There are 2 protein chains.
Amino acid sequence: MNKLEKYANLMLREGVNLQKGQPLLLTGYVENYDFVRLVTEQAYLAGASEVYVRWVDEVGARLRYLHGAEELFENYPEFQRLMFEHYNDRDACYLHIVASNPEALKGASPERLQKWNITSSKALKFHTDKTMSGAFAWCVAAAPNKEWAKKVFPELSEKEGMDKLWDAILQCSRVNNDDPISAWREHARVAAKRAEFLTNAQFRSLRFTNSIGSDFTLTLPDNHIWQGGSEKTLDGRTFSANIPTEEIFTAPHRLGTNGRVAASMPLVYQGDLIENIVLDFKDGRVVDYKASKNEALLKNLIETDEGSHYLGEVALVPHDSPISQLGILFYETLFDENASCHLAVGQAYPTCVKGAAELDDEKKKELGLNVSYEHADFMIGTPDLQIMGTKADGTNIQIFKDGNFAI
Amino acid sequence: MNKLEKYANLMLREGVNLQKGQPLLLTGYVENYDFVRLVTEQAYLAGASEVYVRWVDEVGARLRYLHGAEELFENYPEFQRLMFEHYNDRDACYLHIVASNPEALKGASPERLQKWNITSSKALKFHTDKTMSGAFAWCVAAAPNKEWAKKVFPELSEKEGMDKLWDAILQCSRVNNDDPISAWREHARVAAKRAEFLTNAQFRSLRFTNSIGSDFTLTLPDNHIWQGGSEKTLDGRTFSANIPTEEIFTAPHRLGTNGRVAASMPLVYQGDLIENIVLDFKDGRVVDYKASKNEALLKNLIETDEGSHYLGEVALVPHDSPISQLGILFYETLFDENASCHLAVGQAYPTCVKGAAELDDEKKKELGLNVSYEHADFMIGTPDLQIMGTKADGTNIQIFKDGNFAI
């Protein structure tokens, strides 16, 4: 097996944990058709009953935003909704191979972007809810494309940039090991142990401070669960939702965040870069926000709905994580979020509170879990980030010291 | 405008005659994503309300045939059927840009190919019927891919082959003119005049003979119409169903063909090449058939249903047509059929008999029009082809002499 085949098999075995006779819905970008074909073949060899490729073309999407009729953004076509239902009904697993130009939708109208965001989120809520509650196995992984490589390595030629981005992706995903599957499992085991330690500690609140302007406290709901490494579907199958993954994450209480949050990296959102995000929270809600670039997109993000004004995720990633140590700004959340502590506004993973996975939205909220059509991670980690945890009995324990775990 | 933009605009204006505010359903092959994006942009600039790309990947299709579960070939997914219905309901036009590896599905099981052929034909009959009766504008055009170029120009390097195939496609499509649209219209005008002449002549029967073994007579139904150049939708919009097109065609009476038909070129069918096809007809029906290669695919073709045992089209193309004069065997029906007289087994275009376009299948058959889920052209023209026409009064008129029009 060559490296790309090993990478494909890591996605299929550890990512979506494809079962014999199971369909795979594979989202792939047209410019990556060669690699998508390779994954398709490996999936069949691993026993997939069907591989259906949902092709994505960001260039076509941009043209649609620029020139399409207004009603396109107001109605989600039933045939597209039904595609997800078709594979949900057949117990499929879902693999998404991103190859994203960070500025793919530059110039598109923020109003249209938001209209479509809300239209599609509503239409696909049934699917997103299943995704986030672990009703099936899913995985997001990556493959390079030219525009992305150019953005990450602007000083290199196209070919050198592509090669270097492939190398970085394979290294972050531990495919450069002789036995990537074993390396992945060992990594997941260590992450699970750390998550278990934090879950057992049941901190009441966490205070984050650093020199770029973050100073905020968030509270954690009763019976919260920290997750890391691999996850389990409701029926007990192990899967890894992200390749790579370095994070240990849980859900903050939706009403418990206070203070100022300063993002530490640019955020790719709706096809362009938002820079220098600052959010002010009061009792969980964003009461003020600003950005130095593309603030209109930040407005879209925060004002998607009421729930997107609240946090849905807090994730801990040490500054000495292998991805962070590469020193590459990927302009892609899948990688940047695994090089840095991060938060997400919007929907919480209901698997982060014991017994919440199959509750309805109102019951989730009662337990402190946030509910929204949105879920967007943004990075807050820095080399001088301090995190102090406070337990129910008032004890303070330093969790992060100078960007890394202190426990 | 560069040549590719001119080509795109020929497809959009003369091919599907895209109207302002009209959606375009664009079928494109993933390996041609660059050109598909160019056509998408030109379509929006020409006023399309939406361009929805239906991406095709023949490599993925082959893997599906080789490794997919049996039930995939027995059921047509509702969400895919609904996609056509969605665009039918919105009065879309349909552009199909083929980039076909002639041996794309080599090695696939003929039984599976046939199962899927019948499953998909039944599910999409509503759409095919609309296509063939001119309920909307549609067009098939082409763009090269590597495997296709290699098959056509095996002696050239990959780059040289691709360049030469692009050149040939653009030349055949008259895009090498300064003003391709005017050149296309003039060409269509000449073809329409020839078709009008033949329609007015109302031949009763045509006898085809040549030295490779064809000797057969077919009859033509009452009130048959020869078509050529451009066509009209039921509501009167001009369109060109094929780019390029050199043929003048009509429907033979389904019960009137007798004798032996020998194909003059290999036929790409179900993703592989059928060679040296010979068909024997009695009272319209194929009573015997053979091929020197891939006879199992020929069996699939002839035995799709009862209707695929009968002819649905006869088309006249002079041996001195520009495409024929290139001397290139394209291994692609869109080009090869326009370099050679051809027949089709299967469904007749109901527009080939006056007043038949909106009749039901039984009424079409009463008028002599063939009805089938299949419609496959195959080439019969040679430099020594003779065609003798006989009129209702018994007069014989030579229509083709030594491969070219004699009238």
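See the structure above.
Residues numbered from 1 in each chain as written. Chains lettered and ligands numbered in written order. Predicted model: local features only at pLDDT ≥ 70, side-chain atom pairs only at ≥ 80, totals over all residues. Heavy atoms only, no water.

(A) Just the overall build of chain A, in detail. Counting its secondary structure elements, chain A contains 13 helices and 21 strands. The burial tally for chain A puts 60% of its 407 residues in the buried class. In chain A, of all internal contacts separated by at least 6 residues, the share reaching a separation of at least 24 is 74%. With the model as given, the accessible surface of chain A reaches about 15600 Å², and the carbon-plus-sulfur share is 48%. Positive and negative side-chain charges of chain A, numbering 43 and 58 respectively, have mean locations separated by a distance of 2 Å. (Helix = DSSP H or I, 4+ residues; strand = E, 2+ residues; numbered from the N terminus. Buried < 20%, exposed > 50% of the residue type's maximum accessible area, 1.4 Å probe, protein only. Contact = heavy atoms within 4.5 Å. Areas by Shrake-Rupley, 256 points an atom, 1.4 Å probe, with all protein chains shown as cover. Lys, Arg positive; Asp, Glu negative; His and termini not counted. Charge placed at Lys NZ, Arg CZ, Asp CG, Glu CD.)

(B) The arrangement of the interface of chain A and chain B in detail. Taken together, the contact between chain A and chain B spans 30 residues of the former and 30 residues of the latter. When chain A packs against chain B, close to 2800 Å² is buried across both sides, 67% of that on carbon and sulfur atoms. It is Arg37, Tyr44 and Phe79 of chain A that lose the most area in chain A upon contact with chain B, and together they represent 25% of the buried surface on that side. Seen at the junction of chain A and chain B, the total is six salt bridges. As a salt-bridge pair, Glu31 of chain B and Arg37 of chain A come within 3.3 Å of each other at their nearest N and O atoms. (Buried area = accessible area lost by both parts, 1.4 Å probe. Salt bridge = Lys/Arg side-chain N within 4 Å of Asp/Glu carboxyl O.)

(C) Quick peek at the packing of helix H4 (residues 78-89) of chain A against helix H6 (residues 125-132) of chain A. Residue and element names in this part refer to chain A. Running from amino to carboxyl end, H4 crosses H6 at an angle of 40°, the nearest separation of the two axes being 10 Å. With respect to each other, H4 and H6 are oriented oblique. Counting all contacts with H4, which are made through Arg81, Phe84, Glu85 and Asn88, the residues of H6 involved are Phe126, His127 and Lys130. Residue composition of the contact of H4 with H6, grouped by class: two nonpolar, two polar and three charged. (Axes fitted to C-alpha atoms, helices over the stretch in contact; angles between N-to-C directions. Parallel < 35°, antiparallel > 145°, perpendicular 65-115°, else oblique. Nonpolar A, V, L, I, M, F, W, Y, C, P; charged D, E, K, R; others polar.)

(D) Looking closely at the relation of the copies chain A and chain B. After a rotation of 180° and a shift along the axis of 0.0 Å, chain A superposes on chain B with an RMSD of 0.0 Å. On this basis, the relationship between the two copies can be described by a two-fold rotation axis. The C-alpha atom lying nearest the rotation axis in chain A is that of Phe79 of chain A; the distance is 2.4 Å. Most of the interface of chain A is mirrored in chain B, where 100% of its interface residues again form contacts. (Least-squares fit on C-alpha atoms with pLDDT ≥ 70 in both.)

(E) Geometry of the sheet that holds strand S1 (residues 23-29) of chain B. Residues and elements named next belong to chain B. Pairing in this open sheet of four strands is parallel, and the strands run S2-S1-S3-S4 from one edge to the other. If you trace the sheet from one side to the other, it starts and ends with strand S2 (50-56) and strand S4 (138-142), each paired once. For this sheet, the mean angle separating the axes of adjacent strands, direction not counted, is 20°. The sheet contact formed by S1 and S2 spans seven bridges and is parallel. Residue Tyr29 lies in a different strand from S2, and its bridge partner there is Val56. (Pairing = 2+ DSSP bridges.)

(F) Region of the structure containing unusual backbone geometry. Put simply, Ile243 of chain A and Pro244 of chain A share a cis peptide bond, and its omega is 5°. Position of Pro244 of chain A relative to the elements: it lies in the loop between strand S9 (238-239) and strand S10 (248-250). Notably, Tyr331 of chain A is not glycine yet its phi reads approximately 55°, a positive angle. Note that Tyr331 of chain A resides in the loop between helix H11 (322-326) and helix H12 (333-336). Taking the relative accessible area as the measure of exposure, Tyr331 of chain A reaches 18% and is therefore buried. One non-glycine residue, Asp283 of chain B, lies in the positive phi region at around 50°.

(G) Seen up close, the packing of helix H3 (residues 58-67) of chain A against helix H2 (residues 33-45) of chain B. Viewed as axis vectors pointing N to C, H3 of chain A and H2 of chain B meet at an angle of 5°, and their least axial separation amounts to 10 Å. Considered as vectors, H3 of chain A and H2 of chain B are oriented roughly parallel to each other. Of the residues in H2 of chain B, those in contact with Val59, Leu63, Arg64 and His67 of chain A of H3 of chain A are Arg37, Thr40, Glu41, Tyr44 and Leu45 of chain B. In the contact of H3 of chain A with H2 of chain B, the residues fall into four nonpolar, two polar and three charged.

(H) Summary view of the pattern of salt bridges. Residues and elements named next belong to chain B. A complete count under the given rule lists 56 salt bridges over all chains for this structure. A salt bridge links Glu14 to Arg185, with the nearest nitrogen and oxygen atoms 2.8 Å apart. Residue Glu14 is found in helix H1 (residues 3-15), and its partner Arg185 is found in helix H9 (residues 180-201); the two are separated by 171 residues along the sequence. On the basis of relative accessibility, which here comes to 9%, the residue Glu14 falls in the buried class. Linking Arg189 and Glu186 is a salt bridge whose minimum nitrogen-to-oxygen distance equals 2.9 Å. Of this pair, Arg189 and Glu186 are both found in helix H9, three residues apart, which corresponds to roughly one turn of the helix.

(I) Representation of the pairing of S4 of chain B. Residue and element names in this part refer to chain B. Across the five residues of S4, five count as buried, placing the element largely inside the fold. Alternating residues of S4 divide into Trp138, Val140 and Ala142 and Cys139 and Ala141, and every residue in both groups is buried. As paired strands, strand S3 (residues 93-98) and S4 are joined by five bridges and run parallel to one another. Following the sheet pairing, Leu95 is matched in S4 by Cys139.

(J) Local environment of the side chain of His342 of chain A. Residues and elements named next belong to chain A. In this fold, His342 is placed in strand S17 (residues 342-346). For His342, a relative accessible area of 0% translates into the label buried. Of note is the side chain of His342, whose polar atom sits 2.9 Å from the side chain of Glu247. Within polar-contact distance, the side chain of His342 engages the side chain of Glu313 at 3.4 Å. Excluding residues that lie within four positions of it along the chain, His342 makes contacts with Glu247, Glu313, Val314, Ala315, Val317, Glu337, Asp377, Phe378, Met379 and Ile380. (Polar contact = N/O pair within 3.5 Å; in protein donor to acceptor, adjacent residues only side chain to side chain.)

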